[in-house]
Amino acid sequence: MTENQDVRLNSDHQGSGIKPTGDHQGGGLKRSLRSRHLNMIAIGGAIGTGLFVASGATISQAGPGGALLAYVLIGFMVYFLMQSLGEMATFLPVSGSFEEYGTRFVSPSFGFATGWNYWYNWAITVAAELVAAAIVMQFWFPNVPGWIWSLSFLAILFLINAFSVRSFGEGEFWFAGIKVVTVLVFLALGLLMIVGIMGGTSPGFQNWVKGDAPFVNGGTGILAVFMIAGFSFQGTEMLGIAAGEAEDPRTAVPRATRSVFWRILIFYIGAIAVVGFLVPYTDSALLNPNGDITLSPFTLVFDRAGIAAAASIMNTVILTSVLSAGNSGLYVSTRMLYALATRGHAPRMFARTTRRGIPMPALLATTAVGALGFFLSLLGNGVAYTWLVNASGLAGFITWVCIAWCHLKFRRAYLAQGNDVKDLPYADKFYPFGPIIALIMCVIVIFGQNYEALIGNGDFLGLLSSYIGIPLFLVLWVGHKAVTKSHGVTLLTADLKQSGE
């Protein structure tokens, strides 16, 4: 396939003028995801253990005010990114998403590196979720080997993804739905406790003015939470991948782009505010370094509200979150490998699909990588697995940088080729400031995650472990360019053709 050749699309969609991706082998991808699926895919990707377990530590580090400020800042960074992604994904809704945009608007080598970076990120995340699932199940079944649970859950996730894209969408809809309901109940109960209707006397604002509150450890504390919050919001970009199989992307993608951000922001800010009111930042339970579910801020609040078996309930929700993340991770990494193959950036065999629209070879390969990563976690002290996870840690932020950069290039190319912004099916009203601000903030998060090692505290291994994702991305980018001799895309040669043009 040539670099500027459109990804082939099949013909079972009506109304949008955009056809789904296809392949000579099988029926091609099917546009079967509905608007409600897209909403929950994006929400499910962003709400997980970062909110349910780690949010308490952010309040302990930065105080209720510092944690709230950090999440608001990161929230608006993600909002700008989603606006950029929404514009491109509505104009060109393809399963390759970031890889396709990078190839078309920046360079083939940039697209190659972006695609493989994203595939690796979520393939390894699947392995991480399998490890987490085993830990969660130990809460109820301490005598059952964890690997049994991990392999069982991997088999379930594989079957959900192997049947049809609709089955994936439904599975994610219900997985994410449980999390959404849990957060809403938490916010409702928390509000009742704050005003004194439940749980005894109202705490008022005493936890916001106690000691160094609302801001603890000053700017350093906010910066530390800034990093944690950034990781918590990762997964919202899955909307761009899912747009390639949406029934009506011209309608569904803008709707999801507008609504998902506000829901997630309200959930995170609301949860941080509730915990800040009800639990003092000095409470040692908030630190919870071992991720004990009984010390989750959600468990603490539910327990104080008189909810019976609060720990078991939250453990069930955490398990749902783990399965949701694994389900979404397997889906997006499979679709990215498929997209890489259709463009010639991966072995052609991964472009084959079943008659139900499932890229089965890509799904099998990604499942195998997830299983391999899990088994590496069992070998010795898990050093190899730890390095794999560290390498994938920055991949999400690198993808966000790529989204912002691609959008800057896309809009400039769109105008340079004589088009009018008014004709875009969905336009980012914050351009160019939105993607520029998002790009700068992403860079701050990337280099600030271990700034102590970066400024030179002698911890070379810590430095390498934290930032190894950056040289890996550069090796992919520069390596592809050296082998293929490809050149960057100019504004006038950028491929803006949609399917069927």
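Just above sits the structure.
Residues numbered from 1 in each chain as written. Predicted model: local features only at pLDDT ≥ 70, side-chain atom pairs only at ≥ 80, totals over all residues. Heavy atoms only, no water.

1. Quick notes on unusual backbone geometry
Peptide bonds are mostly trans, and most non-glycine residues show a negative phi. Filter applied, for reference: Put simply, DSSP marks the helices as runs of H or I at least four residues long and the strands as runs of E at least two long, and each gets a number from the N terminus on.
Omega for the peptide link from Tyr431 to Pro432 comes to 0°, which places this bond in the cis form. Its location among the elements puts Pro432 in the loop between α16 (395–416) and α17 (433–448). If you check the backbone angles, Asn217 has positive phi at about 65° while not being a glycine. Counting through the fold element by element, Asn217 comes out in the loop between α8 (206–209) and α9 (218–232).

2. Re the packing of aromatic side chains
Note the following rule: Stacked, tilted and edge-to-face pairs are distinguished by plane angle, under 30 degrees for stacked and over 60 for edge-to-face with tilted covering the rest, among Phe, Tyr and Trp rings (Trp via its six-membered ring) whose centres lie within 6.5 Å. Burial status follows relative accessibility: with a 1.4 Å probe on protein chains alone, a residue under 20% of its type maximum counts as buried, one over 50% as exposed, and anything between as partly exposed. Consider the ring centre and the ring normal. A charge sits over the ring if Lys NZ or Arg CZ is within 6 Å of that centre and within 35 degrees of that normal.
Applying the stated rule across the entire model yields 31 aromatic pairs. Where Phe52 meets Phe298, the ring centres are 5.0 Å apart and the plane angle is 85°; that geometry is what we call edge-to-face. Linking Phe52 in helix α2 (residues 49–52) with Phe298 in helix α12 (residues 297–304), this pair joins segments that are 246 residues apart in sequence. Each of the two residues, Phe52 as well as Phe298, counts as buried. Positioned over the ring face of Phe173 is Arg36, at 4.6 Å from the centre of the ring. The cationic tip of Arg411 hangs over the ring face of Tyr431; the distance from NZ or CZ to the ring centre is 4.4 Å.

3. Focus: a nonpolar patch on the surface
Applied cut-off: Note on patches: the residues involved have over 30% relative accessible area and no salt bridge, like charges join within 9 Å, and the nonpolar side chains Val, Leu, Ile, Met, Phe, Trp and Tyr join within 5 Å. Under the convention used here, a 1.4 Å probe and the Shrake-Rupley method define accessible areas, while residue burial counts only the protein chains that appear. By convention in these notes, a salt bridge is any Lys or Arg side-chain nitrogen within 4 Å of a carboxyl oxygen on Asp or Glu.
A surface patch of nonpolar side chains, about 370 Å² in accessible area, is lined by Trp147, Ile148, Phe375 and Leu378. Secondary structure elements with two or more residues in the nonpolar patch: α6 (146–163) and α14 (360–378). Structurally, Ile148 is set in helix α6.

4. A short note on the pattern of salt bridges
Under the definition given, this model contains 11 salt bridges. Of the charged contacts in the structure, one is a salt bridge between Asp495 and Arg104, with a shortest N-O distance of 3.8 Å. In this pair, Asp495 is assigned in the segment after α20 (469–484) and Arg104 in helix α4 (residues 98–105), connecting sequence segments 391 residues apart. The exposure class of Arg104 is buried, given its relative accessible area of 3%. The residue Arg166 makes a salt bridge to Glu247 at a minimum N-O spacing of 3.1 Å. Highlighted residues: Arg166 in helix α7 (residues 165–194) and Glu247 in the loop between α10 (238–242) and α11 (249–278), separated in sequence by 81 residues. When its relative accessible area of 26% is taken as the criterion, Arg166 is described as partly exposed. On the basis of relative accessible area, Glu247 is assigned to the partly exposed category, the value being 28%. Ionic contacts of the salt-bridge type, sharing partners, join the residues Glu99, Glu100, Arg104, Arg343, Asp495 and Lys497 into one network.

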